Amino acid sequence: MEQLTIVSAINKGLRRAMAADSKVLLMGEDIGKLGGVFRVTEGLQKEFSDERVIDSPLAESGIVGTAIGLALNGFRPVVEIQFDGFVYPAFDQIVSQMARMRYRSRGALSLPITMRIPFGGGIGSVEHHSESPEAYFSATPGLRVISAADSHDAYWMIQQAIFSDDPVIFLEPKRRYWQKGDVDTDADLSSAMPMFSAKVLTDGSDCTLISYGPTVVTALQAAKFAQEDGVGIEVIDMRSLSPIDMHTIATSVRKTGRVIVVHEAPGSGGLGAEIGQRIMETCFTDLKAPVLRVTGYDTPYPASRIEEHYLPDADRILDALEKVMSY
Amino acid sequence: MDGFDSVVQLLDSTGSPVIDSHYSSALDNSSLLALYRDMVLVRKLDEQATALQRQGELGLWAPLIGQEAAQIGSGRALAQRDYAFATYREHGVAWCRGIDPVDMLRFWRGTMHQAWDANLHRLYGYQVIIGAHALHATGYAMGAYLSGRSGTGNSETDQAVVAYFGDGAMSEGDVNESFVFAATYQAPIVFFCQNNQWAISEPTKRQSRIPLVQRAEGFGLRGIRVDGNDVIACHAVTAEALDRARSGGGPTLIEAVTYRMGAHTTSDDPTKYRDGSDDELWRSRDPIDRLRIYLRANEVLNDTFQSDLDAEATSLAERMRIGCRELPDPDPLSMFENVYCAPDARLDEQRSELKSILAKMGD
């Protein structure tokens, strides 16, 4: 068992995947000599050469588009998009090309590409560095979208993403990058929890709190406060946004009858809307209160000096909890 | 290192004038002194902002040190009626467009995304997405022509547009597409590429096997390579390219060869990827030193001017320190403003929600 930050866990996961399969290669801006602006790929170019850890020209569409070509030619590219806000220039290559290659080739062509994207706010950064673009991708058939909220999952899920034959958007909660957690790096990849399974983090019978990525920690904080007030919360880390593990969610909802979904991305058209709808379809008669959302507001990400008011916090979750408990 | 082949240079790194077969300086001594003053002050501005970031007053800062000549030389070639689109490093251009340095800091302190009135200053806000604004600039230039504000033959009123970006941006699709549009429509635009040798950790050769300026020919643009540390040459080539654009002569790509003497941003650590061996060379090409030597040798710059300027720089820095700390945090409720042109019911609900949260916090 090792104590690793999320940065270091992803780094070690990448290293292990690269050692296991010579077709795994990394590409992105500043990922080689610099080791990435967050140092996620630190040391990997030195270890695996600049042909397997490739500093790309400054062109995001180029990075994703050429990754598609590399994948067609037998590689398993892992591309880094430096910041969430820089992914949009590559949107066509992701949505119109990468996502539907398998479908349009009737299964003949697959694209085992992993796109690593640090996402979310809370680090006091400038414009375009705090985006939560997951809904665009989870709404795109053909893409898998996952997010690790802790070091353990970061280590295993990056490897699962790399060895998936579908393209995977791997969202990294950047404001939790330096959060430490235990990782059993000696275990076997096949023994890891399946990539698309949600994880129940706390046991409770009053309300289910569903989140993913950076707000899992926020949900756990809220659950702790609620527990002190005698309200039992079941916190679920979704881990996978496409597909959604409805079995785990529905099992919990049948027990608690109350649900709050928490994410940083704007509420309208976000993952919370999809989850709420799916719960209504599967657990309607189990519900004791409407499914509520605690999310970022429907605005562009604000200037960093007021971002704390934009980001969901434990207080806002507890307000929502009060509503569902007293419904 | 990409060499200095066929660059336009009018003042060499030792401060000696250079005869160019095509370009000459139209600047008189007082104009040269003004450029010198600008460069000294923006370097001070840059140093002070970097220090403010180190003290925790700014979230981030992108230093311009080393690029003063490229930004001031080109920025001062612009007429008030021209329009500039710049990136997050163009503090020198912002200075030339009359932006108060404290207003520049608002972006970096995180109090607002765009701190100045773009139309008043005719400078679009700092662009963070690499190269995205090159297309905006091109469209703006197309509009200037289509609306009869450029290419009319009236040298007093015809306008041009400048798009600033760096060597890294030359790889972005948006920049290459803007070259296509500009050439196709002969838009009145000057693309001013500061090749500072580094896109964060990647040297220019990662973006291009050939000097960047050579791309111009393939797109049907006029291309000029200039010593980006020679403020006189930067001014001369930009002034000429602007004149050409305004009069309907078409677009130009200027590659200003310079050097990012500092980090990419205050979050960056250049020792991770460059060994400093080029720093010495580029220090000897410092844009401010060479002009000072020239002005001193020709007795244009005297001790009084220099000491007055030093005092002005000191007071500018002090004003920035005070102004920065006094910058008010925005009202949290302001985040709901200007998402749309008209009120939005959903946003109104969310604003009310946050308002009641804030009221509770205040209790």
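These numbers were taken from a predicted model, which means no experiment stands behind them.

Engineer: With reference to specific residues and values, describe the interface of chain A and chain B.
Structural biologist: Tallying the contact residues gives 39 residues for chain A and 44 residues for chain B. Roughly 3400 Å² is buried in total at the junction of chain A and chain B, and carbon and sulfur atoms are behind 58% of that figure. Together, L58(A), Y297(A) and R305(A) form the three largest contributors to the area buried by chain A at its contact with chain B, with a combined 21%. Counting the contacts that link chain A with chain B gives five salt bridges. A salt bridge links E42(A) to K272(B); the shortest N-O distance between them is 2.8 Å.

Engineer: Could you give an account of the sheet that holds strand 10 (residues 207-211) of chain A, with specific residues and numbers?
Structural biologist: Residue and element names in this part refer to chain A. Strand order across the open sheet formed by five strands is 9-11-10-13-14, with mixed pairing between neighbours. At either end of the open sheet lies a strand with only one pairing partner, and these are strand 9 (199-200) and strand 14 (292-296). Examined bridge by bridge, strand 13 (residues 259-266) and strand 14 share five bridges and lie parallel to one another. Each bridged residue has a counterpart across the sheet, and for V261 the counterpart in strand 14 is R293.

Engineer: Summarise empty space enclosed by the protein; cite the residues concerned and give the values.
Structural biologist: Under the criterion given, the structure shown has two cavities of 30 Å³ or more. When its volume is computed, the largest cavity comes out at roughly 40 Å³. Around the largest cavity, the lining residues are S125(A), V126(A), E127(A), A303(A), S304(A), F107(B), G110(B), M112(B) and H113(B). Here the lining of the largest cavity is built from residues that sort into four nonpolar, four polar and one charged. Approximately 30 Å³ is the volume attributed to the second largest cavity.

Engineer: So, helix 2 (residues 68-75) of chain B: which residues are in play, and what are the values?
Structural biologist: Burial analysis of helix 2 of chain B places eight of its eight residues in the buried class, the great majority of the element. Restricting attention to buried positions, one finds in helix 2 of chain B the residues E68(B), A69(B), A70(B), Q71(B), I72(B), G73(B), S74(B) and G75(B).

Engineer: So what about the packing of aromatic side chains? Which residues, and what values?
Structural biologist: Residue and element names in this part refer to chain B. The full count for this structure, using the stated rule, is 29 aromatic pairs over all chains. Taken together, a centroid distance of 5.2 Å and an interplanar angle of 70° make the contact between F179 and F219 edge-to-face. Residue F179 is found in helix 7 (residues 173-185), and its partner F219 is found in helix 8 (residues 215-219); the two are separated by 40 residues along the sequence. Residue classification places F179 among the buried residues on the basis of a relative accessible area of 0%. Taking the relative accessible area as the measure of exposure, F219 reaches 23% and is therefore partly exposed.

Engineer: Got a sec to walk through the domain arrangement of chain B? Specific residues and values, please.
Structural biologist: For chain B, the assigned domains read domain 1 (29-330) and domain 2 (337-363). Relative to domain 2 of chain B, the C-alpha centre of domain 1 of chain B lies at a distance of 38 Å.

Engineer: Residues and numbers for the side chain of D206(A), please.
Structural biologist: Residue and element names in this part refer to chain A. Inspection of the secondary structure puts D206 in the loop between strand 9 and strand 10. No salt bridge is formed by the buried D206. Its closest oppositely charged neighbour is R258, at 4.5 Å. In terms of polar contacts, D206 uses its side chain to reach the backbone amide nitrogen of G232, at 2.6 Å. With residues near it in sequence (within four places) discarded, D206 still touches G230, V231, G232, T256, R258 and M325.

Engineer: Explain the nonpolar core residue by residue, including any values.
Structural biologist: Most often, soluble globular proteins have nonpolar side chains that are buried together. Counting 152 residues, the largest nonpolar core has I94(A), M98(A), M115(A), I169(A) and W108(B) as its most contacted members. It is helix 1 (residues 29-54) of chain B that provides the largest number of residues to this core, a total of 11 residues. Setting aside residues up to four positions removed in sequence, W108(B) forms contacts with V126(A), L58(B), G59(B), L60(B), W61(B), A62(B), Y88(B), H91(B) and Y126(B).

Engineer: Can you explain the domain arrangement of chain A? Please cite residues and give values.
Structural biologist: Residues and elements named next belong to chain A. Split by domain assignment, chain A resolves into domain 1 (2-189) and domain 2 (199-325). One C-alpha centre belongs to domain 1, the other to domain 2, and the line joining them spans 26 Å. In this assembly, 28 residues from domain 1 lie in contact with 23 residues from domain 2. Taking both partners together, domain 1 and domain 2 bury about 1900 Å²; carbon and sulfur atoms supply 50% of that area. At the boundary of domain 1 and domain 2, one finds four salt bridges. For D153, the salt bridge is made with K199, and the minimal N-O distance between the two is 3.0 Å. Applying the counting rule to domain 1 against domain 2 returns 15 residue pairs in polar contact (both at pLDDT 80 or more). Listed by contribution, the elements that provide at least two residues to the side of domain 1 that touches domain 2 are helix 6 (134-138), strand 6 (144-147), helix 7 (151-162) and strand 7 (168-173).

Engineer: Give me the packing of helix 6 (residues 132-146) of chain B against helix 7 of chain B: which residues, what numbers.
Structural biologist: All names here are of chain B. Interhelical geometry of helix 6 versus helix 7 gives an angle of 15° and a closest axis separation of 7 Å. Classified by the angle between their axes, helix 6 and helix 7 sit roughly parallel to one another. The crossing of helix 6 and helix 7 is left-handed. Every residue of helix 7 that contacts helix 6 at A132, A134, L135, T138 and M142 is listed here: D174, V175, E177, S178, F181, A182 and Y185.

Engineer: Tell me what's going on with the environment of L209(A), and back it up with residues and numbers.
Structural biologist: All names here are of chain A. Turning to its location among the elements, L209 is positioned in strand 10. Accessibility expressed as a relative area gives 2% for L209, which makes it buried. If near-sequence neighbours (up to four positions away) are discounted, L209 is found in contact with A219, A222, I233, E234, V235, I236, I260, V262 and I317.

About the cut-offs
Residues numbered from 1 in each chain as written. Chains lettered and ligands numbered in written order. Predicted model: local features only at pLDDT ≥ 70, side-chain atom pairs only at ≥ 80, totals over all residues. Heavy atoms only, no water. Contact = heavy atoms within 4.5 Å. Buried area = accessible area lost by both parts, 1.4 Å probe. Salt bridge = Lys/Arg side-chain N within 4 Å of Asp/Glu carboxyl O. Pairing = 2+ DSSP bridges. Helix = DSSP H or I, 4+ residues; strand = E, 2+ residues; numbered from the N terminus. 1 Å grid on protein atoms, 1.4 Å probe; cavity = no way out; pocket = protein on both sides within 12 Å on 5 of 7 lines; lining within 4 Å. Points joined across faces, edges and corners; volume = space filled by probe spheres on them. Nonpolar A, V, L, I, M, F, W, Y, C, P; charged D, E, K, R; others polar. Buried < 20%, exposed > 50% of the residue type's maximum accessible area, 1.4 Å probe, protein only. Phe/Tyr/Trp six-rings, centres within 6.5 Å; stacked < 30°, edge-to-face > 60°. Domains from an automatic or database assignment. Lys, Arg positive; Asp, Glu negative; His and termini not counted. Polar contact = N/O pair within 3.5 Å; in protein donor to acceptor, adjacent residues only side chain to side chain. Core = buried A, V, L, I, M, F, W, Y, C linked by side-chain atoms within 4.5 Å. Axes fitted to C-alpha atoms, helices over the stretch in contact; angles between N-to-C directions. Parallel < 35°, antiparallel > 145°, perpendicular 65-115°, else oblique. Left-handed = near helix turned anticlockwise from the far one by under 90°.

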